Amino acid sequence: MTTEANSSLHFIRQIVADDLKSNKHNGRVVTRFPPEPNGYLHIGHAKAICLDFGMALENNGECHLRMDDTNPVKEDVEYIDSITADVRWLGFDWGKHFYFASDCFGQMYDACEELIRKGKAYVCALSQDDWKDYRGAPPAPGKESPWRNRPVEESLDLFHRMRAGEFADGTLCVRARIDMASPNLHLRDPVIYRILHSDHPHTGDKWCVYPTYDFAHPLEDAYESITHSLCTLEFEVHRPLYDWVIDNLDHLPSRPRQYEFARLNLTYTVMSKRRLLELVQEGRVNGWDDPRMPTICGMRRRGYTPESIRNFAEVIGVTKYESLTDVALLEHCVRNDLNLRAPRRMAVLNPLKLVIDNFPEGQTDEFDAVNNPEDAAAGTRKVKFSRELFIERDDFMENPPKKFFRLAPGQEVRLKYACLVKCTHVVKNDAGEIVEVHCTYDPASRGGNSPDGRKVKGTIHWVSAPHAIKAQVRLYDRLFTVEDPMAQAAAEGKDYRDYLNPHSLEIVTGLCEPALADAQPGDRVQFERIGYFSIDPDAQPGKLAINRTTTLKDSWSKMTEKA
RNA sequence: UGCCCGAUGGUGUAAUGGUAGCACAACUGCCUCUGGAGCAGUUUGUCUAGGUUCAAAUCCUAGUCGGGCAACCA
């Protein structure tokens, strides 16, 4: 699919273009996507991935995939595989540039030593609580740590012994010696190395001291010769520290720059790793890849295509303004994509029996059905037809309003691809519910044409009762009932979970045309007049499970809602 | 509160001192063997006040509002 966006020159593209023009990095563009392996990737990450890889792709550069694993307490190998799989699925290739920040722990340790030797860092023994007092609150300057002027040799010795495991967690740390009076708190002697007696998912028990993000990140970027280090807005105030680290170390292979853009927020969902983790752990959803989750694996399972997500990332743009994007835009992107590629099938999700009284019992007919009206190459298929069919309960009304074009007593309708039928009467059960609709068909209308050119406004889908196959169909809807669950919760003094949509998943047994029997997990189809669906990996041979990706636009339901 | 960042229709964005445009959403109409898709059209916008300029969404100043930071998280 071609991108529908006009690929605007957003500010990051502008910066890269300018740098290329001024030959700032000798014509190179090297970016990186640096996830911390402590959670699953979501649509917000997809935006960042598309940006990071996109800038490289557009400029003949390279984009590295780097596990930012500097905190063993929070990270787990479990996440590494899912992250690489998700990035790959989105369609990006990091080539040989797959890195771990932890592979550079040795160099970072040396860099920290260099700072100490230069008198630009020191080992501090202040407790975390005391440190808070010393750092001070914004308007007033902080107080210097009593260890700030510790002799270099002593700091060096302590640092070595920290590494040797002589001290307990939190007893000592290394701080950069910057400026306790800075209005930017991040410059008031920030911690750059801390003691963590914790096995690391990647380096095992090799280390018990670990660099903090603020120290490690600029170094990782420099070691990999990153030219444009793109991150989200909350790191803006960290940039002076990022630059300080780069500026105060010798022999760094490159001089990377950090640029910040606004993260993605989407309506009717939450995006923070912590919230998503809660939803999973509390069983509010069925795992990280629950199709209601905004995770990449969830969206994949829901039936989203990588193309639609990439296109979405392009359409929403890149700015420094924190906004809330309407999920309708995402849905538009997937419809737009699937409309062109998803084969059409017929399925009835809320069945009502339809009997054609003038069609011989036990006889079967067969009609040609178009697989995709948007793609002639998709060809046609045969659909079986018989005296007893199922139609959608919504497609029949005993007492229809004026503009109801579907089936009603005395009204004629087209059974898609098959023939015209006219309703003669209905059969009800003791409770007064309609259990059967009886029709007669016009034998001259084979294939669904009206031989005398009479107008038949309604066309409905159907399945042949004896030929239909059952499927568990999962109808997914938005996870929350309000646009911004976090903001609403804060405003109303509630919890975001209070706004979980109790109808975000409805499971029904659908009756599908026989062609669905061949469907494989991951296949996407459009059920005519209903929506786009994807075969779930849960599907067993003969036991289909199907997820609704999104509904089709439905102007009839819009009319009835208004009435 | 101090520092940093930002503000263009309902939403997301473009306009790089020179006609405020695009997409989504909404609404009309046309068309249709998906009330889908498609086509045509309509409605709605530069936070406020000053200034610079022939000309300001754009530059300057002040204000207002919103976001971020104040973990030995990232």
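Focus on the domain arrangement of chain A
Item 1. You can read the domains of chain A as domain 1 (105-214), domain 2 (269-344 + 469-563) and domain 3 (347-461).
Item 2. The centre of domain 1, based on its C-alpha atoms, is set 75 Å off from the matching centre of domain 3.

Considering the protein's contact with RNA strand B
Item 1. Taken together, 66 residues sit near RNA strand B, with Gln14, His186, Arg344, Gly447 and Gln526 positioned nearest.
Item 2. Taking all atoms of RNA strand B within 4 Å of the protein, the share assigned to sugar and phosphate is 67%.
Item 3. Of all the elements in the fold, those that place two or more residues in the surface near RNA strand B are helix H5 (128-135), strand S6 (191-195), helix H12 (327-341) and helix H14 (555-562).

So, the packing of helix H7 (residues 213-223) against helix H8 (residues 239-247)
Item 1. Interaxial distance between H7 and H8 falls to 9 Å at its minimum, and their mutual angle equals 60°. On the basis of the axis angle, H7 is oblique to H8. For H7 against H8, the interelement crossing comes out right-handed. Along its contact with H7, which presents Asp214, Phe215, His217, Pro218, Leu219, Asp221 and Ala222, the element H8 presents Leu241, Tyr242, Val245 and Ile246.

As for the packing of aromatic side chains
Item 1. Summed over all chains, the structure comprises 20 aromatic pairs.
Item 2. Taking 5.1 Å as the distance between ring centres and 25° as the angle between the ring planes, the aromatic pair formed by Phe53 and Phe92 counts as stacked. One end of the pair, Phe53, is in helix H2 (residues 43-58); the other, Phe92, is in the loop between helix H3 (77-90) and strand S3 (98-100), with 39 residues separating them in the sequence.
Item 3. Ring centres of Phe98 and Phe100 lie 5.2 Å apart, and the angle between their planes is 75°; this geometry places the pair in the edge-to-face category.
Item 4. On the accessibility criterion, Phe98 (30% relative accessible area) is partly exposed.
Item 5. Each residue in the set Phe105, Tyr109, Phe159, Tyr193, Trp207, Tyr210 and Phe215 is aromatic and connected to the rest through ring pairs, giving one cluster.
Item 6. Directly above the ring of Trp131 sits Arg175, whose terminal nitrogen or CZ lies 3.4 Å from the centroid.
Item 7. The ring of Tyr268 carries the charged tip of Arg478 above its face, separated from the ring centre by 4.3 Å.

A few points about the pattern of salt bridges
Item 1. The final tally for this structure, using the stated rule, is 50 salt bridges.
Item 2. Note that Asp221 is salt-bridged to Arg66, the shortest N-O span being 2.7 Å. Residue Asp221 is located in helix H7, and its partner Arg66 is located in strand S2 (residues 62-67); the two are separated by 155 residues in the primary sequence.
Item 3. For Arg66, a relative accessible area of 0% corresponds to the buried category.
Item 4. A salt bridge links Asp247 to Arg255, with the shortest nitrogen-to-oxygen separation between them at 3.0 Å.

Notes on the packing of helix H1 (residues 11-21) against H2
Item 1. One way to put it is that H1 packs onto H2 with a least axis distance of 11 Å and a crossing angle of 35°. In the packing of H1 onto H2, the handedness of the crossing is right-handed. Mapping the contact onto sequence places Ile12, Arg13 and Val16 in H1 and Leu51, Met55 and Glu58 in H2.

Looking at the side chain of Arg474
Item 1. With respect to the helices and strands, Arg474 occurs in strand S21 (residues 469-476).
Item 2. Here Gln472 takes part through its side chain, which lies 2.8 Å from a polar atom of the side chain of Arg474.
Item 3. Look past the residues within four positions of Arg474 in its chain and what remains in contact with it is Arg301, Leu505, Glu506, Ile507, Asp536, Asp538, Ala545, Ile546, Asn547 and Arg548.

Notes on the environment of Asp395
Item 1. Along the chain, Asp395 falls in the loop between strand S15 (388-392) and strand S16 (412-415).
Item 2. Judged by its relative accessible area of 1%, Asp395 is buried.
Item 3. The sequence separation of Asp395 and Leu352 amounts to 43 residues, and the corresponding C-alpha distance is 9.0 Å.
Item 4. The residues touching Asp395, leaving out its near neighbours within four places in the chain, are Phe404, Arg406, Leu407, Ile460, His461 and Arg529.

About the criteria used
- Numbers given to residues run from 1 along each chain, matching the order in which its sequence is written.
- Here chains are named by letter from A upward and ligands by number from 1 upward, in the order in which they appear as written.
- In keeping with the model being predicted, local features are shown solely for residues with a pLDDT of at least 70 and side-chain atom pairs are shown and tallied solely at 80 or more, while totals for entire chains, interfaces and linings include all residues.
- In computing side-chain values, all of the structure's heavy atoms are included and hydrogens and water are not.
- Throughout the structure description, domain borders are defined by an automatic or database domain assignment.
- We call a residue near a molecule or strand as soon as one heavy atom of that residue lies within 4 Å of the molecule or strand.
- Numbering of helices and strands runs from the N terminus; a helix is a DSSP stretch of H or I covering at least four residues, while a strand is a stretch of E covering at least two.
- Helix axes are fitted to C-alpha atoms over the stretch in contact, other axes to C-alpha atoms as well, and angles between N-to-C directions run from 0 to 180 degrees.
- Any angle from 65 to 115 degrees is called roughly perpendicular, while one under 35 is roughly parallel, one over 145 is roughly antiparallel, and all others are oblique.
- It is the rotation of the near helix from the far one that decides the hand of a crossing: anticlockwise by less than a right angle makes it left-handed, clockwise makes it right-handed.
- The contact criterion used is simple: two residues touch if any of their non-hydrogen atoms lie within 4.5 Å.
- Centre distance within 6.5 Å is the pairing criterion for rings of Phe, Tyr and Trp, where only the six-membered ring of Trp is used; planes under 30 degrees apart are then read as stacked, over 60 as edge-to-face, and the remainder as tilted.
- The buried label goes to any residue with under 20% of its type's maximum accessible area, the exposed label to any with over 50%, and the partly exposed label to all in between, with areas taken from a 1.4 Å probe on protein chains only.
- We call a charge positioned over a ring when the NZ of a Lys or the CZ of an Arg lies within 6 Å of the ring centre and within 35 degrees of the ring normal.
- Between Lys or Arg on one side and Asp or Glu on the other, a salt bridge is scored when a side-chain nitrogen of the former is within 4 Å of a carboxyl oxygen of the latter.
- Counted as a polar contact is a pair of N or O atoms within 3.5 Å, where, for protein atoms, one must be capable of donating a hydrogen and the other of accepting one, and residues adjacent in sequence contribute only when both atoms are in side chains.

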